[in-house]
Amino acid sequence: VVLEMVRRLALPQDARILDIGCGAGLTAIALASRGFTVEAQDTLPEMLSLTRQNAAEAGVSDRVITGRGDIHHLRYPENSFDCVIAMGVLPWIHSPEIAVREMGRVVKPGGAVIVTADNRWRLNNILDPRFNPVVTPLKRAAIRFLDASGIRKRSKQGAWVNMHSRVQIDRYIASGLLERMSGVTVGFGPFSFLGKVLLPDVLGVHLHRRLQGLADRNVPCLRSTGAHYIILARKPGIV
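Residues numbered from 1 in each chain as written. Predicted model: local features only at pLDDT ≥ 70, side-chain atom pairs only at ≥ 80, totals over all residues. Heavy atoms only, no water.

A.B. asks: Sorry if this is basic, but what is going on with the overall build of the chain here?
C.D. replies: The secondary structure content of the chain amounts to eight helices and nine strands. The C-alpha atoms of the chain give a radius of gyration of 19 Å, which matches the 18 Å a tight globule of 239 residues would have. Taking the principal axes of the C-alpha coordinates as reference, the chain spans close to 55 × 45 × 40 Å. A burial count over the chain gives 42% of its 239 residues as buried. Contacts in the chain between residues at least 24 apart in sequence constitute 75% of all its contacts with a sequence separation of at least 6. When the accessible area of the chain is evaluated, it comes to approximately 13,200 Å², of which 58% is carbon and sulfur surface. In the chain, 31 positive and 20 negative side-chain charges are present, and the distance between their average locations comes to 7 Å. (Helix = DSSP H or I, 4+ residues; strand = E, 2+ residues; numbered from the N terminus. Rg over C-alpha atoms; globule rule 2.2 N^0.38 Å. Buried < 20%, exposed > 50% of the residue type's maximum accessible area, 1.4 Å probe, protein only. Contact = heavy atoms within 4.5 Å. Areas by Shrake-Rupley, 256 points an atom, 1.4 Å probe, with all protein chains shown as cover. Lys, Arg positive; Asp, Glu negative; His and termini not counted. Charge placed at Lys NZ, Arg CZ, Asp CG, Glu CD.)

Here you go:
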């Protein structure tokens, strides 16, 4: 979906793209293969090393530039990129609003920002009482109480994945002085009840495809309850 959004932007061949949270570099390599110059940024040196290795194997090392960085404090000057992408980053950071402002700062006027977020109101969580977003604040409060009281041993593994509503993400986009151009939700399942998965993978994938097809046709409820919210925004100004 993200690559299709970039394709529709019809960026010039000399366009510069910033890929924040590049991971193994798959998105950066796909974009570099289309002729763009990509700055691939991540917080982990291991991911940057893997990105360089994968870019070399794909023959696009000359168009993939890697570097460590923090999305809250991007090291680039204003108006540096034609497009900025952050896939799977917002769920793991402490201040999405600051992050979106930074992305808006470094993208050129008329340039695009593409962001993905974990949708708090995803259908599979709504249908499972154990994961329903209505009870999530109560669960977190209970865990904090048990940790503070010593009744529960504080876990040193894992971290909360921050889910956001579409309204929240749209608000961050606006606070970053960006204009929302389009937004879609994608991904359905796996479906569970009280944490127990209900369908085997083959049937789960089939159901996902059926539901995604309906969501893509703008069917009410389904169009807004995919697992991930993907938004395309634009920085006002002359291209």
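A.B. asks: Which parts of the structure should I look at to understand unusual backbone geometry?
C.D. replies: Among all residues save glycine, negative phi is the norm, and among peptide bonds the norm is trans. In the segment running from Gly189 into Pro190, the intervening peptide bond is cis, with an omega of -5°. Along the polypeptide, Pro190 turns up in the loop between strand 6 (179-186) and strand 7 (192-193). Even without being glycine, Asn79 reaches a positive phi, approximately 60°. Within the element layout of this structure, Asn79 appears in the loop between strand 3 (64-68) and strand 4 (81-86). You can call Asn79 partly exposed: its relative accessible area is 35%.

A.B. asks: Explanation requested: the side chain of Ser224 in the structure shown.
C.D. replies: If you trace the backbone, Ser224 turns up in the loop between helix 8 (201-216) and strand 9 (228-234). Not counting residues up to four positions away in its chain, the partners in contact with Ser224 are Asn119, Trp121, Arg166 and Thr185.

A.B. asks: In this structure, what is going on with the pattern of salt bridges? I would like to understand it.
C.D. replies: Where side chains of opposite charge bring their charged atoms close, a pairing between them can arise. This structure, assessed with the given rule, holds 10 salt bridges. When the shortest N-O distance is used, the salt bridge between Glu102 and Arg105 registers 2.8 Å. Of this pair, Glu102 and Arg105 both sit in helix 4 (residues 96-106), three residues apart, roughly one helical turn. In this structure, Arg180 and Asp170 form a salt bridge, with 3.4 Å as the shortest nitrogen-oxygen distance. Here Arg180 is found in strand 6, whereas its partner Asp170 is found in helix 7 (residues 166-175), with 10 residues between them in sequence. (Salt bridge = Lys/Arg side-chain N within 4 Å of Asp/Glu carboxyl O.)

A.B. asks: How do you make sense of the sheet that holds strand 1 (residues 16-20) when you look at a structure like this?
C.D. replies: In a beta sheet, neighbouring strands pair by backbone hydrogen bonds and run either parallel or antiparallel. Strand order in the open sheet formed by seven strands is 3-2-1-4-5-9-6, and the pairing between neighbours is mixed. Each edge of the open sheet is held by one strand with a lone partner, namely strand 3 and strand 6. For this sheet the average axis-to-axis angle between neighbouring strands, irrespective of direction, equals 15°. Relative to strand 9, strand 5 (residues 107-118) runs antiparallel, the two sharing seven bridges. Within strand 9, the residue paired with Ala112 across the bridge is Arg234. (Pairing = 2+ DSSP bridges. Axes fitted to C-alpha atoms, helices over the stretch in contact; angles between N-to-C directions.)

A.B. asks: How should I be thinking about the packing of helix 4 against helix 7 in this particular structure?
C.D. replies: A pair of packed helices can be characterised by two numbers: the angle between their axes and the separation between those axes. Two elements in contact, helix 4 and helix 7, have axes whose closest approach is 8 Å; the angle formed by their N-to-C orientations is 45°. The angle between helix 4 and helix 7 falls in the class oblique. Every pair of crossing elements has a handedness; the one defined by helix 4 and helix 7 is right-handed. Contacts from Pro96, Glu97, Val100 and Arg101 in helix 4 reach Tyr172, Ile173 and Ser175 in helix 7. For the contact of helix 4 with helix 7, the class distribution of residues is four nonpolar, one polar and two charged. (Parallel < 35°, antiparallel > 145°, perpendicular 65-115°, else oblique. Left-handed = near helix turned anticlockwise from the far one by under 90°. Nonpolar A, V, L, I, M, F, W, Y, C, P; charged D, E, K, R; others polar.)

A.B. asks: I'm lost on the pairing of strand 9 in this one. Help?
C.D. replies: Note on strand geometry: in a regular strand, side chains alternate between the two faces of the sheet. Taking burial as the measure, the seven residues of strand 9 include five buried ones, the bulk of the element. By the bridge criterion, seven bridges tie strand 6 to strand 9 in an arrangement that is antiparallel. Within strand 9, the position partnered with Gly183 by the bridge is Ile231.

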